Amino acid sequence: NAGVTQTPKFRVLKTGQSMTLLCAQDMNHEYMYWYRQDPGMGLRLIHYSVGEGTTAKGEVPDGYNVSRLKKQNFLLGLESAAPSQTSVYFCASSYPGQGSYSNQPQHFGDGTRLSIL
Amino acid sequence: EDQVTQSPEALRLQEGESSSLNCSYTVSGLRGLFWYRQDPGKGPEFLFTLYSAGEEKEKERLKATLTKKESFLHITAPKPEDSATYLCAVEGASGSRLTFGEGTQLTVNP
């Protein structure tokens, strides 16, 4: 059981280049999330999805796009990379909660370390 | 807007020296407060979910408690393998998303 798998693990880009980060989960989770983690800023939500074919903006969505064409995959795209997007990107997934209860705990991948020169 | 503040930013303990980490929060309609552990180069790993004030949960040397304004993660007789960054997050009434604190970096020296 792999859980949440992120590809690639490391990448260096030049300003203006584009790339796609892939997240795959094998737990049949409905919800998927993309975060970025920066020193002194904690984990910040970029975009999330509550089901196949749906996406929503999080706290810091500018400069990123996402797609959830299949339930198990959630893609994060950078159309024109900027140095400010240098960060560690984490993908997570979870089951939804029931009624007034919170969602089930999020399971995280081990991150993609992205440097933009 | 939901907010989470963790203190201290960093904590150094000797093996066996018990202490507590604090997570203060403001949220509109708390649905759940989560504690995670994060090791260097890894993603966060789930520890606990707390749902209402007065609730407590334990796992080995860790015990999490919750009030209406804050949560504590108590570490009893820590070992070097407890060294990690501990993250607190809340889920508010809007659901579907978490707001994380910046974390407390714990180092336990042998």
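Residue positions are given per chain, counted from 1 along the sequence in the order it is written. Chains and ligands are labelled sequentially in the order written, the chains with letters from A and the ligands with numbers from 1. Local features in this predicted model are restricted to residues of pLDDT 70 or higher, and side-chain atom pairs are both shown and tallied only at a pLDDT of 80 or more, whereas totals for entire chains, interfaces and linings draw on every residue. To get the side-chain values, take all heavy atoms of the structure and skip hydrogens and water.

A few words now on the environment of F90 of chain A. Every helix listed is a DSSP run of H or I at least four residues long, and every strand listed is a run of E at least two residues long, numbered separately from the N terminus. Here F90 of chain A is to be found in strand 9 (residues 87–94). When accessible area is computed with a 1.4 Å probe and restricted to protein chains, residues below 20% of their type maximum are described as buried, those above 50% as exposed, and intermediate ones as partly exposed. Take F90 of chain A: its relative accessible area is 1%, and that puts it in the buried class.

Let us look at the pairing of strand 11 (residues 104–109) of chain B. Residues and elements named next belong to chain B. Side chains T104, L106 and V108 of strand 11 all project onto a buried face; the interleaved residues Q105, T107 and N109 project onto a face where none is buried. Taken together, the 5 bridges between strand 2 (residues 10–14) and strand 11 define a ladder with parallel strand orientation. Counterpart to R12 in the pairing with strand 11 is T107. Pairs of strands are assigned from DSSP output, requiring at least two bridges between the strands. Of the pairings in the sheet, the one linking strand 9 (residues 84–91) to strand 11 comprises 3 bridges and is antiparallel in character. Paired with A84 across the bridge in strand 11 is L106.

A few words now on the sheet that holds strand 1 (residues 3–7) of chain B. Residue and element names in this part refer to chain B. Strands sit in the order 1-3-8-7-6 across an open sheet of 5 strands; the sheet is antiparallel. Every other strand in the sheet has two partners, leaving strand 1 and strand 6 (56–59) as the edge strands with one partner each. Pairs of neighbouring strands in the sheet enclose a mean axial angle of 15°, with direction left out of account. With 5 bridges connecting them, strand 7 (residues 62–66) and strand 8 (residues 70–75) associate as antiparallel partners. Helix axes use the C-alpha atoms of the stretch in contact, all axes being lines fitted to C-alpha atoms, and the angles between their N-to-C directions lie in the range 0 to 180 degrees.

Geometry only, nothing functional implied.
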